[in-house]
Protein chains: 2
Amino acid sequence: MRDVSRLAGVSRMTVARVLHRSGGVLPTTQARVEQAVSALGYVPDRAAGSLSTRRSGFVGLVLPTLNNANFASLAEGLTEALRPANYEVLIGYTGYSVAEEERQIRTMLARRPEALVLAATGHSPATRRLLEPGRPPVIEIAELPDQPLAHAIGLSNEAAGRAAADTLLGLGHRKLGAIGPGRDGDRIDTRGEARLRGFVAAVAAAGLPTSLALAEGGLPNSYRHGAEAMAALLAQAPDVEAVFAISDLSAVGALSECQRRGIAVPGRISLLGFGDFDIGQQLVPPLSTIATDFPGMGRAAGRMIIELVAPPSTGAGGLQQPALDRRLDIGFNLLERGTTRAAGPAGINHRKASHA
Amino acid sequence: MRDVSRLAGVSRMTVARVLHRSGGVLPTTQARVEQAVSALGYVPDRAAGSLSTRRSGFVGLVLPTLNNANFASLAEGLTEALRPANYEVLIGYTGYSVAEEERQIRTMLARRPEALVLAATGHSPATRRLLEPGRPPVIEIAELPDQPLAHAIGLSNEAAGRAAADTLLGLGHRKLGAIGPGRDGDRIDTRGEARLRGFVAAVAAAGLPTSLALAEGGLPNSYRHGAEAMAALLAQAPDVEAVFAISDLSAVGALSECQRRGIAVPGRISLLGFGDFDIGQQLVPPLSTIATDFPGMGRAAGRMIIELVAPPSTGAGGLQQPALDRRLDIGFNLLERGTTRAAGPAGINHRKASHA
DNA sequence: CTGTTAGCGCGTTCAC
DNA sequence: GTGAACGCGCTAACAG
């Protein structure tokens, strides 16, 4: 910048004014400065700027994994909503590990994010301490925890699990199985577990056995994991009638396993997933699933952040509102497509339930 | 930090020494400081540190899209390789847009990355200027461009396209189609286009018509796009014998479309994709594809960066080596799985070609 | 409309 | 073994 100001024959302050379009600069001066900037290929140092402004200009997003279309959509929604306010989004991922989440949050905090959006699950005590008031605002997303850190945008995963069970029961199925998330060291998918919990609760409430609710395999959820779980399920109960998979990923794997074994879906087994992944829509038959608006959650989080923190461009605020604990329920839609069917002789059933 | 030093009754200098484990501090003093740090929940300000050290401690990774398992693997490989050297990875994505890539690179440059890894495609002239020498080292990844910016790690996508054609021809197919990447405004998938180009060249070299090499649909590549392209292909040539899709994503969509129409794959049509996505392995039949080691490319990039730039922990280097233009060919494997079969009466053919 | 001064939070050199 | 002083590149507040 010093070079630029010298080349343009003005002070560094004037250069700054041109760069920020704060006006009050003579057109001729401005032109000289702009020329110098492009001649030198000068790009202002954001780190130094932040240090001075005390506004880092970015929002941290902590994801469990990159390899999941739902989280990708979430990230895109957030980025999109934050762009007009001139915020950048920094993405970190944890592989569902609680320790890794703590590490990620700590390194993000070191760069002083204006806000933190947490899609990772299962916060450690140290993490909770790290995020106490006085710190940047925190939004937990894709769930509505019992003990939220602050703000939350998402859905009740337990309710989604219950809805899955109720739908399968409503179809007349009585022998219900589930493919849960499993655990792997300190890796934990609390949302998947909540869905499984809701499912089990609803099945139990109907007076039916819940021993077929599997929770094994590794994390992150994967196609292969779903295929393996389906195989285990069939070994345990060859006459299982309906299966809920807590992720479309495992549902797709389960569907493939059935196809490999010549088991008709939905003829002999009804299959229901969660997440409404693109792949599920394309499959033959198309996967029945529970859909949530992930891009919408991201956008909502972006809007909330803009509300909580004045955008960096104005330079005005930065003050955090008195912590008005807000939670936003996005709800979900249960989509009965091609992999679910009423029990008994050739039942056909098309329904669509909406929960918000 | 000021607060910490006061609480511990020492100078800020001593606090810094404890934080960096540079030694030369009395155990008792050290304990006092550590206690103060955790009592206050103090996290050092990295931005200020970077300003002073002139080492930002992060590497920028620019991806075309988040919603693609190959790029997710790439990111994981890079992160993994860079972790021991204490680098963080900042991820940006462009949606395949050339203008957006320029914007992303500019904002990254503003934070002074130690290196840049570019998986996005189709650099604008302004981008090339931005990345001229004197700037951080740049690694282009997942391709080996004719006019590389500097270093490159990847494969020849043209060679992959040629291999696809050769394989399909070798199977005895004569009526070959392809599903390319399409363009959408300034969005461009140069790698997909290179694969298509290689394919077309090989088909032409065999003296066969290339009119069935489609390049339409939007970006990013998607299942739906593949299904639509397959429909278009069948409308144009109902008797097409073999199809190469430049992405497994579109290949899976094409396979679904065939299944919906009752067209046997590989019975009537051979189908070959690219990318070796998890989903392709799980499908019935499993998708024939071209595999590349994406995590490996990420790790190789990480190692190259560590070689080019001394890690921030040592604080020693930061100097860029004399630009030894390096290109690393990772090669690819053509995997004939369940969706390709020799033409004619019940031909069976299992081959596995390796190119590096 | 433009320049000067001070300081953001930290690391580093040198004294003590 | 510990502390004081300066500077990293930039911007906020004020002066001219």
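The name recorded for chain A in an unreviewed UniProt entry is LacI family DNA-binding transcriptional regulator, from Lichenicoccus roseus.

**With respect to the overall build of chain A**
When helices and strands are counted, chain A shows 13 helices and 13 strands. Structurally, chain A occupies a C-alpha span of about 85 × 40 × 35 Å along its principal axes. Split into buried and exposed, the 356 residues of chain A put 57% on the buried side. Surface accessibility of chain A: about 14,600 Å² in total, with carbon and sulfur atoms responsible for 51%.

**Digging into the protein's contact with DNA strand D**
By nearness alone, 24 residues border DNA strand D, and M1(A), H20(A), Y42(A), T29(B) and R54(B) come closest of all. Each atom of DNA strand D within 4 Å of the protein belongs either to a base or to sugar and phosphate, the latter forming 59%. A distance of 2.3 Å separates a phosphate oxygen of DNA strand D from a polar atom in the side chain of Y42(A). When residues of the surface near DNA strand D are traced back to their parent elements, those giving at least two are α2 (12–19) and α4 (46–53) of chain A together with α2 (12–19) and α4 (46–53) of chain B.

**Comments concerning the interface of chain B and chain A**
Tallying the contact residues gives 49 residues for chain B and 49 residues for chain A. Buried surface at the junction of chain B and chain A, both sides included, amounts to about 4,200 Å², of which 55% is carbon and sulfur. Three residues stand out in chain B for area buried against chain A, namely V43(B), R111(B) and Q282(B), and they jointly supply 17% of the buried area on that side. Counting every contact that joins chain B to chain A gives six salt bridges.

**So, the relation of the copies chain B and chain A**
For the pair chain B and chain A, the superposition axis carries a translation of 0.0 Å, the fit reaches an RMSD of 0.2 Å, and the rotation angle comes to 180°. Look at the turn and shift together and you get a two-fold axis relating the two. Residues of chain B ranked by C-alpha distance from the rotation axis are headed by A47(B), positioned 2.7 Å from it. Here 100% of the interface residues in chain B have copies in chain A that are interface residues too; the copies meet face to matching face.

**Notes on the protein's contact with DNA strand C**
In the region of DNA strand C, 24 residues are neighbours, and T29(A), M1(B), H20(B), Y42(B) and S52(B) sit closest. A breakdown of the atoms of DNA strand C within 4 Å of the protein gives sugar and phosphate a share of 58%. Between DNA strand C and L26(A) there is a distance of 2.9 Å, counted from a phosphate oxygen to a backbone nitrogen or oxygen. Contact between DNA strand C and R12(B): a base nitrogen at 3.2 Å from a side-chain N or O atom of the residue. Where the surface near DNA strand C is concerned, the elements lending two or more residues are α2 and α4 of chain A together with α2 and α4 of chain B. With four residues, α4(B) is the single largest residue contributor to the surface near DNA strand C. Classifying every residue of the surface near DNA strand C gives eleven nonpolar, nine polar and four charged.

**Here's the deal with the environment of P145(B)**
Residue and element names in this part refer to chain B. Tracing the sequence through the fold places P145 in the loop between β4 (138–141) and β5 (151–154). In this structure the C-alpha to C-alpha distance between P145 and V98, which are 47 residues apart in sequence, comes to 16 Å. Not counting the four nearest positions on each side in its chain, P145 is found in contact with E140, A152 and R327.

Thresholds, definitions, all that
Residues numbered from 1 in each chain as written. Chains lettered and ligands numbered in written order. Predicted model: local features only at pLDDT ≥ 70, side-chain atom pairs only at ≥ 80, totals over all residues. Heavy atoms only, no water. Helix = DSSP H or I, 4+ residues; strand = E, 2+ residues; numbered from the N terminus. Buried < 20%, exposed > 50% of the residue type's maximum accessible area, 1.4 Å probe, protein only. Areas by Shrake-Rupley, 256 points an atom, 1.4 Å probe, with all protein chains shown as cover. Near = heavy atom within 4 Å. Polar contact = N/O pair within 3.5 Å; in protein donor to acceptor, adjacent residues only side chain to side chain. Contact = heavy atoms within 4.5 Å. Buried area = accessible area lost by both parts, 1.4 Å probe. Salt bridge = Lys/Arg side-chain N within 4 Å of Asp/Glu carboxyl O. Least-squares fit on C-alpha atoms with pLDDT ≥ 70 in both. Nonpolar A, V, L, I, M, F, W, Y, C, P; charged D, E, K, R; others polar.

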